[in-house]
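# Descriptive analysis of the structure
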Amino acid sequence: MLGWFKKKLKIGKQEKPAALEPVPEEKVVQEEHLAVPVEEKKQPASVSAPDTAREVPVAAQEKSEEQPTNILHEDVGVLFKRLKTRLSKTRSSFVGKVDELFLGKKVIDDELLDDLEEILITADLGVGTTQDLVDAARQKVDRNELSDPAALKKVLKEKISEFIHSSDQSAELVMPDEGPFVIMVVGVNGVGKTTTIGKMAHKFVSSGQSVMLVAGDTFRAAAVEQLKIWGERVGIDVFSQQSGADPSSVVFDALEYGKKRDIDVIIVDTAGRLHTKVNLMEELKKIKRVMAKKISDAPHEVMLVIDSTTGQNGVSQARLFSQAVDITGLTLTKLDGTAKGGIIVNICREFNIPIRFIGIGEQMNDLRDFDADEFVEALFDESEE
């Protein structure tokens with residue numbers, strides 16, 4: 001995992017980021033247009049402010065002096081151990097039960113394969129993926145290529161790795177040659193979009209990029225305030241307008257503001273919506289069209305955030321959101337709190353959409369860039385934690 005986006009950077013020595021600290025409610029900046037970190041703010045900013053040289057927020061300046069420019073080079077062994085620990089529920093419900101099934105068995109028969117099929121389905125690998133895995137095992141047994149249950153586990157691991165690698169698209173985010181890199185973040189309510197946006201912003205800032213967040217969710221109560229809290233934590237600007245404003249108008253003005261100030265990365269939050277509501281999906285299409293009018297090829301990334309605990313409903317979300325706005329990347333959150341991590345295998349098999357990040361905890365650095373080989377090894381690793 002040497003990089004999660006492609007751009008020439010100066011990479012510094014890694015230090016462990018500090019744990020998140022809650023931001024007192026009274027420190028949230030209440031401002032009609034642009035929220036800036038409290039430490040920097042001396043005069044109210046406005047979307048109509050003249051185009052001046054970009055000033056880095058004080059919090060960001062202090063961070064750049066005290067911390068390195070990249071958070072991706074922490075000791076590999078430490079990262080793997082933490083990933084393995086956070087996947088313990090999925091590993092127990094899947095690999096642990098497979099080990100129990102194979103314990104003491106000498107041959108692979110129909111009864112064992114039927115029991116294996118049940119385990120795979122309950123681990124949320126999905127009916128289609130499960131059927132492919134069991135069929136592959138049966139074919140090897142029929143050809144006398146497989147007789148030992150212990151060897152069957154290796155076959156499962158190889159086949160699952162094949163599914164996860166099935167996307168022919170790179171998992172790295174590719175920055176444009178010039179102008180801001182625009183990310184549009186979408187998903188249903190409660191999947192963790194705002195948290196994901198904040199942690200993504202932290203990764204970009206730690207890698208030396210200037211970042212601005214856009215509060216495109218203008219209808220949900222406290223949505224703007226939550227995004228501003230993340231802006232203060234990371235030390236970046238949050239562009240917002242009054243509650244109830246048209247989201248497309250907010251996004252249009254934000255891109256204009258970001259272009260004038262030479263912002264490297266603009267991350268746009270959108271209102272959570274049910275993927276089955278046609279009118280809400282049409283609104284997403286409108287926002288995307290407005291972005292393209294303001295900045296050519298924008299959005300450069302349409303990121304769908306999926307809550308891993310929802311299981312197979314996440315597959316339906318990926319399908320319908322992709323039909324509406326052409327999803328280019330996925331983030332799966334809350335993998336540390338679910339036994340349904342097998343959804344990753346199913347999504348990779350069903351869609352040619354790369355998984356960019358996985359959320360495995362509450363800390364800043366618990367939004368991990370997804371590495372297929374590392375994920376499979378952590379899932380099947382038998383060493384003691």
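Glancing now at the pattern of salt bridges. Pairing of side chains with opposite charge becomes possible as their charged atoms draw close. Following the criterion strictly, the structure yields 22 salt bridges and no others. A salt bridge links aspartate 246 to lysine 286, with the shortest nitrogen-to-oxygen separation between them at 3.9 Å. Here aspartate 246 is found in the loop between strand 6 (237-239) and helix 9 (247-260), whereas its partner lysine 286 is found in helix 10 (residues 278-294), with 40 residues between them in sequence. Judged by relative accessible area, aspartate 246 falls into the partly exposed class, the value being 36%. Glutamate 301 is paired through a salt bridge with arginine 356; the nearest N and O atoms lie 3.0 Å apart. Of the two residues, glutamate 301 is situated in strand 8 (residues 301-307) and arginine 356 in strand 10 (residues 355-359); the sequence distance between them amounts to 55 residues. As far as the burial class goes, glutamate 301 and arginine 356 line up, both buried. Salt bridges linked by common partners bring Asp132, Arg319, Arg349 and Glu350 together as one network.

Here we come to a negative patch on the surface. Taken together, the side chains of Asp109, Asp110, Glu111 and Asp142 present a region of like negative charge at the surface. Considering the arrangement of structural elements, one finds aspartate 109 in the loop between helix 3 (88-102) and helix 4 (110-122). Judged by relative accessible area, which is 34%, aspartate 109 ranks as partly exposed.

In this structure, proline 299 follows alanine 298 across a cis peptide bond, with omega equal to -5 degrees. Its place among the elements puts proline 299 in the loop between helix 10 and strand 8. Of note in the backbone geometry, aspartate 326 takes a positive phi value of approximately 55 degrees without being a glycine. Within the secondary structure, aspartate 326 sits in the loop between helix 11 (313-325) and strand 9 (329-333). For lysine 334, which is not glycine, the phi dihedral falls at a positive 60 degrees. Tracing the backbone through its elements, the reader meets lysine 334 in the loop between strand 9 and helix 12 (343-350). Classification of lysine 334 by relative accessible area gives partly exposed; the value is 33%.

Looking now at the nonpolar core. In this structure, Phe94, Leu152, Ile164, Ile267 and Ile344 are the most contacted members of the largest nonpolar core, which totals 103 residues. If we ignore the near neighbours within four places in the chain, the residues touching isoleucine 344 are Ile164, Leu332, Leu335, Ile355, Ile358, Phe370 and Phe375.

Per the counting criterion, the structure on display carries 4 aromatic pairs. With 5.8 Å between their ring centres and 80 degrees between their planes, phenylalanine 94 and phenylalanine 380 make a pair best called edge-to-face. Taken together, the residues span a long stretch of sequence, with phenylalanine 94 in helix 3 and phenylalanine 380 in helix 13 (residues 372-380) at a distance of 286 residues. Plain terms: the ring middles of phenylalanine 239 and tyrosine 257 are 5.7 Å apart, the flat faces sit at 55 degrees to each other, and that makes the pair tilted. One end of the pair, phenylalanine 239, is in strand 6; the other, tyrosine 257, is in helix 9, and 18 residues separate them in sequence. What makes phenylalanine 239 buried here is its relative accessible area of 0%. Positioned over the ring face of tryptophan 230 is arginine 233, at 4.7 Å from the centre of the ring.

This part covers the side chain of glutamate 374. Secondary-structure assignment places glutamate 374 in helix 13. Among the polar contacts listed, one links the side chain of glutamate 374 to the side chain of arginine 368, at a separation of 2.9 Å.

With that settled, consider the pairing of strand 9. Burial runs high along strand 9: 5 of the 5 residues are buried. Residues Gly329, Thr331 and Thr333 point to one face of strand 9 and Leu330 and Leu332 to the other, with burial holding for every one of them. Inspection of the sheet shows strand 8 paired to strand 9 by 5 bridges, in the parallel sense. Among the inter-strand pairings, isoleucine 306 is bridged to a residue of strand 9, identified as leucine 332. Note on the crossover from strand 8 through helix 11 to strand 9: the handedness is right-handed. Strand direction decides the pairing type here: strand 9 and strand 10, joined by 3 bridges, are parallel. The residue of strand 10 that forms the bridge with threonine 331 is phenylalanine 357. Handedness of the crossover joining strand 9 and strand 10 through helix 12: right-handed.

Thresholds, definitions, all that
Residues numbered from 1 in each chain as written. Predicted model: local features only at pLDDT ≥ 70, side-chain atom pairs only at ≥ 80, totals over all residues. Heavy atoms only, no water. Salt bridge = Lys/Arg side-chain N within 4 Å of Asp/Glu carboxyl O. Helix = DSSP H or I, 4+ residues; strand = E, 2+ residues; numbered from the N terminus. Buried < 20%, exposed > 50% of the residue type's maximum accessible area, 1.4 Å probe, protein only. Patch = residues over 30% accessible without salt bridge, like charges linked within 9 Å, V, L, I, M, F, W, Y side chains within 5 Å. Areas by Shrake-Rupley, 256 points an atom, 1.4 Å probe, with all protein chains shown as cover. Lys, Arg positive; Asp, Glu negative; His and termini not counted. Charge placed at Lys NZ, Arg CZ, Asp CG, Glu CD. Core = buried A, V, L, I, M, F, W, Y, C linked by side-chain atoms within 4.5 Å. Contact = heavy atoms within 4.5 Å. Phe/Tyr/Trp six-rings, centres within 6.5 Å; stacked < 30°, edge-to-face > 60°. Lys NZ or Arg CZ within 6 Å of the ring centre and 35° of its normal. Polar contact = N/O pair within 3.5 Å; in protein donor to acceptor, adjacent residues only side chain to side chain. Pairing = 2+ DSSP bridges. Right-handed = clockwise from strand over helix to strand, strands pointing away.

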